[in-house]
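# A closer look at the structure
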Amino acid sequence: MATRGAPEITIKVPSAVSSLALGLDDALCVGSDDGSVRWYKLPSGRVLRAIKPLGEEISSIAWSHPSKDDVSNVWVSSGRRVLSFPVESHKMIISVEDATTTLDIGEDEEDLVNEARSKNGKYLAFGTDSGSVGTIELSSGKIFRMKSGHTTVCGCVKFVPDRPNELLSGGFDSALLHFDIGQGSVLSRFDVTAPPPTAGVSLSPPFVLSLAISTTGLLAASTADGRVWLGGGGEKRSIPQGAKKKRSRKWEGLREEEGLWMQVADGPVVAVAFRDNERLVTCSLLGAVTEFDISRNVQGNLETAKRWSAAATSLEKVNAMSISRSWLVLGGFGKDGKGIIEAWRDVTDTPAQSL
C-alpha cells in the first residue's frame with residue numbers, strides 16, 4: 001500500500017473547522033465552531049467570501065444546484081436553524097440578514113440540527129440531537145418528520161440514490177434506520193453491536209458517525225469504535241446478458257448477511273465517502289486517511305483492498321472530510337485549538353494491496 005505525502009494545501013482559520021463541503025469547479029465552503037462560514041476556490045487559500053458568525057457552530061454544509069436556470073445556494077446548519085445563502089453575491093462579507101431562507105428545525109430550545117443534506121435542490125434531509133429525522137420541501141419550506149427516530153442523537157442522514165422516497169439515518173443509539181419518506185415509517189433497521197473486547201481493551205461504543213451510499217446503492221457506515229460496515233444488499237450489480245432481474249420493492253442495503261465489517265482505525269472513524277462506486281475513503285478522528293478498492297469475489301461476496309493511506313500533518317483532531325474527483329479535504333483543529341484545513345489532490349493510479 002502506498003503512502004501519500006504531506007497535503008498540498010494547508011489553510012488556517014481563527015476557529016476550529018466543524019464542517020466543510022466541496023462544490024463545483026473546486027469551490028470549498030468551510031464552517032467553524034464560532035458560526036462563521038468561508039468560501040475558497042482551491043488551490044488558493046484566499047477567502048473569497050465569508051458569513052459573519054451566526055451564533056452557533058456550523059454543524060453541516062450542503063451545496064444546492066437545482067438546475068441551470070436556478071440560483072445555486074449553500075445550506076448551512078447552525079443551532080436549531082438551517083439557512084440558505086446564495087453562492088454568488090456582490091458582497092464579500094455576508095450576514096444572517098442576507099439569508100434567502102431561514103427554517104427553525106429543532107423541536108425545542110436544545111434540539112440542535114446535526115446534519116442537513118440536499119437532494120436535487122428540491123429537498124433537504126436532516127437529523128437532530130433529539131433523534132428526530134425528517135425532510136424539508138424547499139419550495140414551500142414544509143417540514144416532514146418521520147413517525148419514529150433515534151433514541152438519542154441522529155448525527156447523519158443520506159438520501160438513497162435512485163430511490164426518491166427512501167432515506168437512511170445513523171445515530172448515537174448505534175442504529176441505522178431506513179425510512180419511507182412519504183409514509184414516514186421505518187422500512188428496515190440495523191442495530192450495530194460492539195465486537196468482543198480484545199486483550200482486555202474496550203473501545204468506544206459503536207455510535208454511527210458517518211454514512212455514504214454509492215450511486216449503485218452500496219452502503220458504508222462508520223462507527224466510533226474504529227469500524228466501517230459495508231452493506232451490499234442494496235447494490236445494483238451487473239447480470240448475465242439475456243438474464244432478467246426484477247427491481248426490488250425497496251432498497252435492501254441493511255441486510256446483515258450481505259454486509260462486511262472492516263476494522264480501519266484504533267479510534268472513531270469520523271467520515272466515509274465514495275470517490276466512485278468502487279473506491280471508498282475513510283478518515284479517523286486523528287487524521288488517518290485510507291482509500292479502499294471494493295470488489296466482489298467469484299462467490300459474489302464483498303472484498304476490500306487498501307489503495308493508499310495518508311496522515312494529517314497539522315490537525316490534532318479531524319471533524320469533517322469532503323472529496324471530489326479533484327480533491328480530498330480535511331477540516332478540524334490544531335494543538336492551539338484554532339481551525340485548520342488540509343487538502344490533497346486526487347491520485348488515481350496507485351496500485352491496491354489486498355487485505
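Please read these numbers as outputs of a predicted model, since none were measured by experiment. (Residues numbered from 1 in each chain as written. Predicted model: local features only at pLDDT ≥ 70, side-chain atom pairs only at ≥ 80, totals over all residues. Heavy atoms only, no water.)

## Describing the overall build of the protein
Counting secondary structure elements, the protein contains zero helices and 31 strands. Its C-alpha atoms give the protein a radius of gyration of 20 Å, within 12% of the compact-globule value 20 Å for 355 residues. Structurally, the protein occupies a C-alpha span of about 55 × 50 × 50 Å along its principal axes. In the protein, which comprises 355 residues, the share counted as buried stands at 52%. When contacts within the protein are restricted to residue pairs at least 6 apart in sequence, those whose partners lie at least 24 apart make up 50%. Here the protein has roughly 16,400 Å² of accessible surface; of this, 49% comes from carbon and sulfur atoms. Between the centroid of the 40 positive side chains of the protein and the centroid of its 43 negative side chains there is a distance of 5 Å. (Helix = DSSP H or I, 4+ residues; strand = E, 2+ residues; numbered from the N terminus. Rg over C-alpha atoms; globule rule 2.2 N^0.38 Å. Buried < 20%, exposed > 50% of the residue type's maximum accessible area, 1.4 Å probe, protein only. Contact = heavy atoms within 4.5 Å. Areas by Shrake-Rupley, 256 points an atom, 1.4 Å probe, with all protein chains shown as cover. Lys, Arg positive; Asp, Glu negative; His and termini not counted. Charge placed at Lys NZ, Arg CZ, Asp CG, Glu CD.)

## Observations concerning the state of the cysteines
Applying the stated rule across the entire model yields zero disulfides. In this model Cys 29 remains outside any disulfide bridge; the closest cysteine sulfur is found in Cys 283, 19 Å from its own. Judged by its relative accessible area of 0%, Cys 29 is buried. (Disulfide = S-S within 2.5 Å.)

## A word on the pattern of salt bridges
A side chain with one charge can pair with a side chain of the opposite charge if their charged atoms come near. Within the structure shown, the criterion is met by 16 salt bridges. The salt bridge partner of Arg 80 is Asp 104, with a shortest N-O separation of 3.2 Å. Note that Arg 80 is positioned in the loop between β8 (73-78) and β9 (81-86) and Asp 104 in strand β11 (residues 101-104), a separation of 24 residues in sequence. Classification of Arg 80 by relative accessible area gives buried; the value is 16%. When its relative accessible area of 43% is taken as the criterion, Asp 104 is described as partly exposed. A salt bridge links Arg 163 to Glu 166; the nearest nitrogen and oxygen atoms lie 3.9 Å apart. Take Arg 163 and Glu 166: they sit in the same class, and that class is buried. Among the ionic contacts, a cluster of salt bridges with common partners joins Arg 275, Asp 276, Arg 279, Glu 291, Asp 293 and Arg 307. (Salt bridge = Lys/Arg side-chain N within 4 Å of Asp/Glu carboxyl O.)

## Overview of the confidence of the model for the protein
Taken over all residues, the pLDDT of the protein has a mean of 89, while the share at 70 or more is 90%. With pLDDT under 50 throughout, residues 349-355 is counted as low confidence; its partners more than four residues away or in other chains account for 19 contacts. (pLDDT = per-residue confidence, 0-100.)

## Brief notes about the side chain of Arg 279
Among the structural elements, Arg 279 can be located in strand β25 (residues 279-284). Take Arg 279: its relative accessible area is 11%, and that puts it in the buried class. At 2.7 Å, the side chain of Arg 279 and the side chain of Glu 291 are in polar contact. (Polar contact = N/O pair within 3.5 Å; in protein donor to acceptor, adjacent residues only side chain to side chain.)

## Focus: the sheet that holds strand β16 (residues 154-159)
Consider a sheet: its strands pair through backbone hydrogen bonds, and that pairing is either parallel or antiparallel. The antiparallel open sheet is built from four strands, whose spatial order is β16-β17-β18-β19. Each edge of the open sheet carries a strand with a single partner, namely β16 and β19 (185-191). The mean inter-strand angle of the sheet, taken between neighbouring strand axes irrespective of direction, is 20 degrees. In the sheet, strand β17 (residues 166-171) pairs with strand β18 (residues 175-180) via five bridges, with the strands oriented antiparallel. The partner of Ser 169 across the bridge, within β18, is Leu 177. (Pairing = 2+ DSSP bridges. Axes fitted to C-alpha atoms, helices over the stretch in contact; angles between N-to-C directions.)

## Details of the environment of Lys 119
Position of Lys 119 among the secondary structure elements: in strand β12 (residues 113-119). Separated by 75 residues in sequence, Lys 119 and Ser 44 place their C-alpha atoms 28 Å apart. Contacts of Lys 119, omitting those with residues within four sequence positions, involve Phe 159, Arg 163, Pro 164 and Asn 165.

## A short note on unusual backbone geometry
A negative phi angle characterises most non-glycine residues, just as the trans form characterises most peptide bonds. Residue Pro 43 is reached from Leu 42 by a cis peptide bond, and omega for that bond is 10 degrees. Of note, Pro 43 is situated in the loop between β5 (37-41) and β6 (49-51). You will see that Asp 25, though not glycine, has its phi angle at about 55 degrees, which is positive. Topologically, Asp 25 is positioned in the loop between β3 (17-22) and β4 (27-32). Phi at Asp 162 is positive, roughly 65 degrees, even though this residue is not glycine. Tracing the backbone shows Asp 162 in the loop between β16 and β17.

## Observations regarding the pairing of strand β26 (residues 288-296)
The pairing of β25 with β26 spans five bridges and is antiparallel. When the sheet's bridge partners are listed, Leu 280 is paired in β26 with Phe 292. Once β25 ends, the chain turns through three residues before running back antiparallel as β26, passing Gly 287 with a positive phi of about 90 degrees. In sequence, β26 turns back onto strand β27 (residues 302-311) through a hairpin of five residues, with Gly 300 there showing a positive phi of about 90 degrees.

## Structural notes on the packing of aromatic side chains
This model, assessed by the stated rule, comprises three aromatic pairs. Between Phe 172 and Phe 207 the ring centres are 5.1 Å apart and the planes differ by 10 degrees, which places this aromatic pair in the stacked class. Here Phe 207 lies in the loop between β19 and β20 (208-213) and Phe 172 lies in the loop between β17 and β18, a separation of 35 residues in the sequence. Classification of Phe 172 by relative accessible area gives partly exposed; the value is 32%. The exposure class assigned to Phe 207 is partly exposed, which follows from its relative accessible area of 28%. Judged by centre distance (4.4 Å) and plane angle (35 degrees), the rings of Phe 190 and Trp 229 are tilted. (Phe/Tyr/Trp six-rings, centres within 6.5 Å; stacked < 30°, edge-to-face > 60°.)

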